[in-house]
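The chain contents come next:
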Amino acid sequence: MNIVLLGPPGAGKGTQAKVLSKELGLKYLGTGDLLRSLVAQGNPKALEAKSFMDKGELVPDKLMVEIISEQLRDLESGFMLDGFPRTLEQAEILESMLLQLGIQIDRVIYFDLPDSEAEHRLSNRYQCKKCGNIYNTNFGICPQCGGMLERRQDDEPSTIRRRLEVYHAQTTPLLDFYEKRGVLRRVDAQGTVEEVTERIKAVLKDDQN
Ligand code: AMP
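Here we summarise the structure given alongside this text.

The rules behind the values
- Residues numbered from 1 in each chain as written.
- Predicted model: local features only at pLDDT ≥ 70, side-chain atom pairs only at ≥ 80, totals over all residues.
- Heavy atoms only, no water.
- Pairing = 2+ DSSP bridges.
- Helix = DSSP H or I, 4+ residues; strand = E, 2+ residues; numbered from the N terminus.
- Axes fitted to C-alpha atoms, helices over the stretch in contact; angles between N-to-C directions.
- Contact = heavy atoms within 4.5 Å.
- Salt bridge = Lys/Arg side-chain N within 4 Å of Asp/Glu carboxyl O.
- Buried < 20%, exposed > 50% of the residue type's maximum accessible area, 1.4 Å probe, protein only.
- Near = heavy atom within 4 Å.
- Polar contact = N/O pair within 3.5 Å; in protein donor to acceptor, adjacent residues only side chain to side chain.
- Nonpolar A, V, L, I, M, F, W, Y, C, P; charged D, E, K, R; others polar.
- Arc of directions from axis to C-beta.

**Section: the sheet that holds strand β1 (residues 3-6)**
Strand order in the open sheet made by the five strands is β2-β3-β1-β4-β8, with parallel pairing throughout. Since the sheet does not close on itself, it has two edges, and those belong to β2 (27-30) and β8 (184-188), each with one partner. Sheet twist, expressed as the mean angle between neighbouring strand axes with direction ignored, is 20°. Here helix α8 (residues 173-180) sits on the sheet and contacts β1, β4 (107-112) and β8; the angle it forms with β8, its principal contact strand, is near 130°.

**Quick word on the pattern of salt bridges**
Using the criterion set out here, one finds 18 salt bridges in the structure. With its nearest N and O atoms 2.9 Å apart, the salt bridge here joins R36 to D33. Note that R36 and D33 are positioned in helix α2 (residues 31-40) at a spacing of three residues, about one turn of the helix. Close ionic contact of R163 with D154 constitutes a salt bridge, the shortest N to O distance being 3.8 Å. The class of D154 is buried, set by a relative accessible area of 11%. Here the salt bridges do not stand alone but share partners, grouping R125, R152, D154, D155 and R163 into one network.

**A few points about the site of the ligand**
Lining the immediate environment of the ligand, one finds 16 residues, of which T31, R36, E57, G83 and Q90 sit closest. G83 is positioned with one of its backbone polar atoms (N or O) 2.8 Å from a nitrogen atom of the ligand. Within the contact set of the ligand, a nitrogen atom lies 3.0 Å away from a side-chain nitrogen or oxygen of R86. Per-element tally for the shell around the ligand: the top contributor is α2, with four residues. Residues belonging to the shell around the ligand are distributed by class as follows: six nonpolar, four polar and six charged.

**Points about the side chain of D155**
Position of D155 relative to the elements: it lies in the loop between β7 (149-150) and α7 (157-171). Take D155: its relative accessible area is 0%, and that puts it in the buried class. Within the structure, the side chain of D155 is placed 3.0 Å from the side chain of R125, a separation counted as a polar contact. In contact with D155, other than residues within four places in its own chain, are L122, R125, I160 and R163.

**Some remarks on unusual backbone geometry**
Leaving glycine out, the prevailing phi sign among residues is negative, and the prevailing peptide bond configuration is trans. The linkage connecting F84 with the following residue, P85, adopts the cis geometry, with an omega of 0°. Inspection of the secondary structure assignment puts P85 in the loop between β3 (79-82) and α5 (88-101).

**Some remarks on the sheet that holds strand β6 (residues 134-135)**
Pairing is antiparallel in the open sheet, where three strands are placed in the order β6-β5-β7. Two strands in the sheet have a free side with no partner beyond their single neighbour: β6 and β7. Pairing geometry for strand β5 (residues 126-128) and β7, over two bridges, is antiparallel. In the sheet register, C128 faces β7, and the bridge partner there is L149.

**A word on the pairing of β4**
Counting buried positions over the six residues of β4 gives five, a clear majority of the element. Relative to β8, β4 runs parallel, the two sharing five bridges. Directly across from D112, in β8, lies its bridge partner D188.

**Digging into helix α3 (residues 44-55)**
Listed in full, the buried residues belonging to α3 are A46, A49 and M53. Buried residues in α3, looked at end-on, bunch into an arc of 60°, giving them a common side. Where α3 is buried, its residues meet α2 and α4 (61-73). Two or three places before K45, at the opening of α3, N43 has a side-chain oxygen 3.0 Å from that residue's backbone nitrogen. Immediately beyond the C-terminal end of α3, within one or two residues, lies G56, with a positive phi of roughly 85°.

On their own, these measurements won't tell you what the molecule is for.
Right, dumping it as structure tokens:
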């Protein structure tokens, strides 16, 4: 099963991806996480991308595809993509790459969340520097691994608003793109992590019956 997670920033895609990819035995590729780890390693292309990330803009398609070309080439059936594609051009590139590999996207899970809730969540989000876990309370240190919790640089109020604008302008056209291909499934992203996980599992199970 090959799954793409789609939805606004703050909808919980990363959190769900980590839980579900493990449970379903899928390989996880999260482009935001990947970019941040490449920036931390001083990768020159990722450092170029960072100027866009810090402003809440998308990394331009050409640069983005260059950065993740290796990961895309290595895709094998059984993956969960979080944060890619985010533009129609990226969706088209992904589709043609997968076609060459003889793979298709089976499901696109759309995390439906009002902007007000996304904004609220992003304004109260703390991430562990070490293990990447996300919390909505600042415990100071990570209850999971003891790493330092910090706010993401792009979780500042004006950047949050820009990220939501960019999402509506550049990413929401993908809903139609995947709807036409018959693979889009909508999930209500409000509620607890566990509730949303159960909804996604129910949608995936429904399709198997
Ligand atoms: P995320 O952690 O998914 O919210 O991504 C953080 C930032 O990384 C985004 O705001 C973009 O600047 C950049 N980014 C991640 N994935 C992509 C993508 N597929 N295309 C362009 N920019 C991306």
